[in-house]
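Here is how the chains run, residue by residue.
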Amino acid sequence: MSDAEWALVRDLLPVRGWLAGRGGRPEGYCHRQMIDAVRYLVDNGIKWRAMPSDFPPWPRVYAFFARWRDAGLVAELHDRLREAVRRAEGRSPEHSMPLRAMRTPIRLPRSHLRRSTRS
């Protein structure tokens, strides 16, 4: 992750509990390292256990990802970044099509179905 990418993402991340004065101990790994590891996993399509040794141990990365996913933070981060990209492109930050319409499957007429000619 470049410094410019990190500058955009850093402000979207939640403040760690120990930094906000809520107690607890500091996390063992930097959020930037964890996000880099998850991005590597997604980009290369590897399994969690195949995480290179350049990153934190895979169980720690997975626990980080699962904690954020379960709290809804991964979806929120995705939505905020999508909105930022849409604004940068001069588009409305919201979807122009309702989600319900995007999830509706396309139904083709039966005449488009191929019939087998094998006997």
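Worth saying up front: this structure is predicted, and the values here are computed from it rather than measured.

A.B. asks: So what about helix 4 (residues 73–88)? Which residues, and what values?
C.D. replies: For helix 4, with 16 residues, the first-to-last C-alpha span of 22 Å sits near the 22 Å given by 1.5 Å per residue. G90 sits one or two residues past helix 4 and shows a positive phi near 80 degrees.

A.B. asks: I'd like to hear about the packing of helix 2 (residues 31–44) against helix 3 (residues 58–70), residue by residue, with values.
C.D. replies: It is at 10 Å that the axes of helix 2 and helix 3 come closest, and there the two elements cross at 95 degrees. Classified by the angle their axes make, helix 2 and helix 3 are roughly perpendicular. On the side of helix 2, the interface is formed by H31, M34, I35, A37 and V38, while helix 3 contributes R60, V61, F64, F65 and W68. For the contact of helix 2 with helix 3, a count of residues per class yields 8 nonpolar, 1 polar and 1 charged.

A.B. asks: Help me get a handle on the confidence of the model for the chain, residues and values and all.
C.D. replies: For the chain, per-residue confidence averages 77 on the pLDDT scale, and residues scoring 70 or more make up 69% of the total. Taking the mean pLDDT of every element in the chain, the minimum, 56, falls on helix 5 (residues 99–103) and the maximum, 90, on helix 2.

Criteria and thresholds
Residues numbered from 1 in each chain as written. Predicted model: local features only at pLDDT ≥ 70, side-chain atom pairs only at ≥ 80, totals over all residues. Heavy atoms only, no water. Helix = DSSP H or I, 4+ residues; strand = E, 2+ residues; numbered from the N terminus. Expected span 1.5 Å × (residues − 1). Axes fitted to C-alpha atoms, helices over the stretch in contact; angles between N-to-C directions. Parallel < 35°, antiparallel > 145°, perpendicular 65-115°, else oblique. Contact = heavy atoms within 4.5 Å. Nonpolar A, V, L, I, M, F, W, Y, C, P; charged D, E, K, R; others polar. pLDDT = per-residue confidence, 0-100.

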